[in-house]
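Spelled out, the chains give:
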Amino acid sequence: MNVKIEPSWAEHLQSEFEKAYFAKLTAFVKKEYKDGKVYPAPKNIFRAFDLCPFEKVKVVILGQDPYHGERQANGLAFAVNETEPVPPSLQNIYKEIESDLCGSLASTATVDAKLPQNGDLSRWAKQGVLLLNATLTVRAHQAGSHQGQGWELFTDAVIRALSEERAGLVFMLWGNYAKAKGAHIDRSKHLVLEAPHPSPFSAASGFFGCKHFSKANEYLVSHNETPIDWL
């Protein structure tokens, strides 16, 4: 099957594209786009891969589903386009970055003054951060509507390929859904960082204070890699 995805990923994932589950998944997704609103736009389904080629990956951040609201999903986990309001989970990610990299979280007002002003994370992707949702499409206003159709098998294969064919990567697994996908990672070759999800419902139970961003950069530097400029 000819899938429009960045060439290095096409090479490493070609065997997945030939499997029966992927043909069934493709038929399902095409029908969903034909029958109603689905996010992200078709051209952005594989945007995370297009912006971050296989050999350029340094860090993998795992999300669950794309945002299902109007104009939100853009193909990068946790991200939205520059013109859209920053979603609550990403606000909490920014707060943890600020706390981790720029000193203690003195007050919300202090932190908010320093945070990025938009949710465009393409700047991370271009530095080697694969912002990967476990499910790459979703029906408008119906969270989880494309789960169980084959995307999870595909993204498991992505994680396995990175785990087996690369070394010295950092995997950030936030929440139980992401942690479960960590079963496909060789922890003797890679750094796996786990924490609760950054959602407002769970961030205070361990996401805040996890210091994943400084830990990731320390690990990258120790493996002679350029750290990520998270700010």
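Residues numbered from 1 in each chain as written. Predicted model: local features only at pLDDT ≥ 70, side-chain atom pairs only at ≥ 80, totals over all residues. Heavy atoms only, no water.

Draft legend 1. Just the overall build of the chain, in detail. Per the secondary structure count, the chain includes 9 helices and 6 strands. Scaling as 2.2 N^0.38, a compact globule of 231 residues should have a C-alpha radius of gyration of about 17 Å, and the chain matches this with 17 Å. Referenced to the eigenvectors of the C-alpha coordinate spread, the extents of the chain come out at roughly 50 × 40 × 25 Å. Evaluated residue by residue, the chain yields a buried proportion of 56% over its 231 residues. (Helix = DSSP H or I, 4+ residues; strand = E, 2+ residues; numbered from the N terminus. Rg over C-alpha atoms; globule rule 2.2 N^0.38 Å. Buried < 20%, exposed > 50% of the residue type's maximum accessible area, 1.4 Å probe, protein only.)

Draft legend 2. Representation of the side chain of Asn 118 within the structure. Among the secondary structure elements, Asn 118 is positioned in the loop between α5 (108-114) and α6 (122-125). Given a relative accessible area of 16%, Asn 118 falls into the buried group. Only 2.9 Å separates the side chain of Asn 118 from the backbone nitrogen of Asp 120, close enough to count as a polar contact. Aside from chain neighbours lying at most four places away, what touches Asn 118 is Glu 82, Val 86, Tyr 94 and Arg 123. (Polar contact = N/O pair within 3.5 Å; in protein donor to acceptor, adjacent residues only side chain to side chain. Contact = heavy atoms within 4.5 Å.)

Draft legend 3. Inspection of the nonpolar core at higher detail. In this structure, Leu 130, Phe 154 and Trp 230 are the most contacted members of the largest nonpolar core, which totals 72 residues. Not counting residues within four places of it along the chain, the set of residues in contact with Phe 154 comprises Leu 13, Glu 16, Phe 17, Tyr 21, Phe 22, Phe 46, Phe 49 and Leu 136. (Core = buried A, V, L, I, M, F, W, Y, C linked by side-chain atoms within 4.5 Å.)

Draft legend 4. Highlighting the pairing of strand β2 (residues 59-63). Within β2, 5 of the 5 residues are buried, which leaves the element mostly enclosed by the surrounding structure. Note: β2 against strand β3 (residues 129-133), 5 bridges, orientation parallel. Following the sheet pairing, Val 60 is matched in β3 by Leu 130. Where β2 meets strand β5 (residues 170-174), 4 bridges bridge the pair, whose relative direction is parallel. Note on β5: the bridge partner recorded for Val 59 is Val 170. (Pairing = 2+ DSSP bridges.)

Draft legend 5. Up close: unusual backbone geometry. In this model, Tyr 39 is joined to Pro 40 through a cis peptide bond whose omega is -5 degrees. Positionally, Pro 40 belongs in the loop between β1 (38-39) and α3 (47-51). Positive phi, normally seen in glycine, also occurs at Asn 224, with a value near 60 degrees. Along the chain, the position of Asn 224 falls in the segment after α9 (212-222).

Draft legend 6. Structural view of helix α4 (residues 88-101). Along its 14 residues, α4 runs 20 Å from first to last C-alpha, staying within 8% of the 20 Å computed at 1.5 Å per residue. Most of α4 sits out of view: 11 of its 14 residues are buried. Three or more residues of α4 are buried, namely Ser 89, Leu 90, Asn 92, Ile 93, Tyr 94, Lys 95, Glu 96, Ile 97, Glu 98, Ser 99 and Asp 100. (Expected span 1.5 Å × (residues − 1).)

Draft legend 7. The arrangement of the packing of α4 against α9 in detail. Taken N-terminus to C-terminus, the directions of α4 and α9 make an angle of 60 degrees; their axes are 8 Å apart at the nearest point. With respect to their mutual orientation, α4 and α9 come out oblique. Only His 212, Phe 213 and Ser 214 of α9 make contact with α4, whose side of the interface consists of Ile 93, Glu 96, Ile 97, Asp 100 and Leu 101. Broken down by class, the residue content of the contact of α4 with α9 amounts to 4 nonpolar, 2 polar and 2 charged. (Axes fitted to C-alpha atoms, helices over the stretch in contact; angles between N-to-C directions. Parallel < 35°, antiparallel > 145°, perpendicular 65-115°, else oblique. Nonpolar A, V, L, I, M, F, W, Y, C, P; charged D, E, K, R; others polar.)

Draft legend 8. Summary view of the confidence of the model for the chain. Averaged over every residue, the pLDDT of the chain is 93; residues scoring 70 or more account for 94%. Below pLDDT 50 for its whole length, residues 104-113 participates in 9 contacts with residues either more than four positions away or in separate chains. (pLDDT = per-residue confidence, 0-100.)

Draft legend 9. Main features of the sheet that holds β2. With parallel pairing, 4 strands are arranged side by side in an open sheet as β3-β2-β5-β6. The open sheet terminates on both sides in strands that have one partner only, identified here as β3 and β6 (191-195). Averaged over all pairs of adjacent strands, the angle between their axes in this sheet comes to 20 degrees, without regard to strand direction.

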